[in-house]
Amino acid sequence: MTQIPSPTIASRLLYGCMGLGGGWNTDPLRAQDVTHAQAAVEAALEIGITLFDHANIYTLGKAEQCFGELFKQQPSLRQRMQLQTKCGIRFADANGPKRYDLSAAHIVDAVHASLRRLHADTIDILMLHRPDPLMEPDEINEAWHTLFAAGKVRQLAVSNMHAGQMRQLVAALDVSLVANQLEMSLLKTDWLDADTCFNDAQGRSSLVWGDTLSYCGSQNIALQAWGSLGKGWYSGGAPNDAPPAVTATARMVRTLADEHRVAPESIMLAWLLKHPAHIQAVIGTANPARIRACADAARVVLTRGQWYALYQSARGRELP
């Protein structure tokens, strides 16, 4: 089995492809969408990113199609990157409303469809997109064996799962999970509050996190942070009605960016990278300039005081 190497701090950035492929509609893929994707991919490779994160639903499959077109144009490009894609979310159709489906049949069908769109033979990491209340772990193991034996996938991961769900799944799997992708950023700090505010009323909204971070650490499951740039709210993109905490934190981010002579995006990512859980940050912007603005995240060393100042500002209140 091909093993994904443990990331160094310089390689702890992923490129999230959710913004590629044009709109979330059934319009056909356009040449300009492929050109746009090529510019984003080149910017990501330029700053050292080699893991590209997809999902079969991103722009209704067109994000994967973009990569398929790029691979057709430049076959050697596939050898310069690792591909990660997700399955498990189904939109409303004649058979039901929007739903999650981790049945063996759907997983296998979804992977084959992704490979066709990607114009690729293998997916390096297959990620189960959302926890399905009806999932049967033995079925997932069956799907894994089918796909791995056929050389279609190399490693298995999950997304948006807490520790209890992972334990249930791992108990039935004949393969280790290599990653769990969760929303973590300055804009969403409940993953931190679950630890810092444990046994305090401030932590009640984050109790579901439980020991998710420590469980992933103990099992060598990499933590991937989606939404790591906080919707761009701290780097000039906040709405006019943004909460006071966002406005104050954006000012702090800009001040630190000036002190360290980097872009605001690098400060936000440096804050995530400083956490000892060795978080990998998923960069979701499709803007090549903003992708390049993340390049200095690994060289920024925030002090403990600066890290806590950002955390407290983002929370909007003092720790207990």
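For the structure itself, consult the block above.
Caption draft 1: Fine view of the overall build of the chain. Scanning the chain for helices and strands turns up 12 helices and 10 strands. The C-alpha radius of gyration computed for the chain amounts to 20 Å, which stays within 12% of the reference 20 Å derived for 320 residues, consistent with globular compactness. Principal-axis analysis of the C-alpha atoms gives the chain an extent of 50 × 45 × 40 Å. Buried residues in the chain amount to 52% of all 320 residues. Counting only contacts in the chain whose residues sit at least 6 apart along the sequence, the fraction spanning at least 24 positions is 77%. Accessible surface computed for the chain: about 14600 Å², of which carbon and sulfur atoms make up 50%. When the 29 positive and 30 negative side-chain charges of the chain are each reduced to one mean point, those points stand 5 Å apart.

Caption draft 2: Main features of the sheet that holds strand 6 (residues 123-128). Read around the closed barrel, 8 strands run 1-2-3-6-7-8-9-10, paired in parallel fashion. Taking the axes of each pair of neighbouring strands and ignoring which way they run, one obtains an average angle of 30° across the sheet.

Caption draft 3: Just unusual backbone geometry, in detail. At Asn 220, a position not held by glycine, the phi torsion is positive, near 55°. In this fold, Asn 220 is placed in the loop between helix 7 (212-218) and strand 9 (222-226).

Caption draft 4: Spatial organisation of the pattern of salt bridges. One pass over the structure, following the stated rule, counts 14 salt bridges. Note that Asp 33 and Arg 30 form a salt bridge whose closest N and O atoms lie 2.8 Å from each other. One salt bridge connects Arg 167 with Asp 211, and the closest N-O pair in it is separated by 2.5 Å. Of the two residues, Arg 167 is situated in helix 5 (residues 163-170) and Asp 211 in the loop between helix 6 (190-196) and helix 7; the sequence distance between them amounts to 44 residues. Take Arg 167: its relative accessible area is 37%, and that puts it in the partly exposed class. Among the charged side chains, a salt-bridge network with shared partners connects Arg 78, Asp 124 and Arg 154.

Caption draft 5: Structural view of helix 12 (residues 304-315). Look at helix 12: 16 Å from first C-alpha to last across 12 residues, which is about the 16 Å you get at 1.5 Å a residue. If you follow the buried residues of helix 12, they end up packed against helix 6, helix 8 (233-237), helix 9 (244-260) and helix 10 (264-273). Of the residues flanking the end of helix 12, it is Gly 316, one or two places downstream, whose phi is positive at about 85°.

Caption draft 6: How the structure looks around the packing of helix 3 (residues 104-118) against helix 4 (residues 137-149). Look at helix 3 against helix 4: their axes get within 8 Å of each other, and the N-to-C directions meet at 30°. Judged by the sense of rotation from one axis to the other, the crossing of helix 3 with helix 4 is right-handed. Only Glu 139, Ile 140, Glu 142, Ala 143, Thr 146 and Leu 147 of helix 4 make contact with helix 3, whose side of the interface consists of Ala 104, Ile 107, Val 108, Val 111 and His 112. The residue makeup of the contact of helix 3 with helix 4, split by class, is 7 nonpolar, 2 polar and 2 charged.

Caption draft 7: Geometry of the nonpolar core. Ranked by internal contacts, the top residues of the largest apolar core, which has 96 residues, are Tyr 15, Phe 52, Phe 67 and Trp 271. Look past the residues within four positions of Trp 271 in its chain and what remains in contact with it is Ser 185, Leu 186, Thr 189, Trp 191, Leu 192, Leu 302, Trp 307, Leu 310 and Tyr 311. Counting 8 residues, the second largest nonpolar core, distinct from the first, contains Ile 125, Met 127, Ala 179 and Val 282.

About the cut-offs
Residues numbered from 1 in each chain as written. Predicted model: local features only at pLDDT ≥ 70, side-chain atom pairs only at ≥ 80, totals over all residues. Heavy atoms only, no water. Helix = DSSP H or I, 4+ residues; strand = E, 2+ residues; numbered from the N terminus. Rg over C-alpha atoms; globule rule 2.2 N^0.38 Å. Buried < 20%, exposed > 50% of the residue type's maximum accessible area, 1.4 Å probe, protein only. Contact = heavy atoms within 4.5 Å. Areas by Shrake-Rupley, 256 points an atom, 1.4 Å probe, with all protein chains shown as cover. Lys, Arg positive; Asp, Glu negative; His and termini not counted. Charge placed at Lys NZ, Arg CZ, Asp CG, Glu CD. Pairing = 2+ DSSP bridges. Axes fitted to C-alpha atoms, helices over the stretch in contact; angles between N-to-C directions. Salt bridge = Lys/Arg side-chain N within 4 Å of Asp/Glu carboxyl O. Expected span 1.5 Å × (residues − 1). Left-handed = near helix turned anticlockwise from the far one by under 90°. Nonpolar A, V, L, I, M, F, W, Y, C, P; charged D, E, K, R; others polar. Core = buried A, V, L, I, M, F, W, Y, C linked by side-chain atoms within 4.5 Å.

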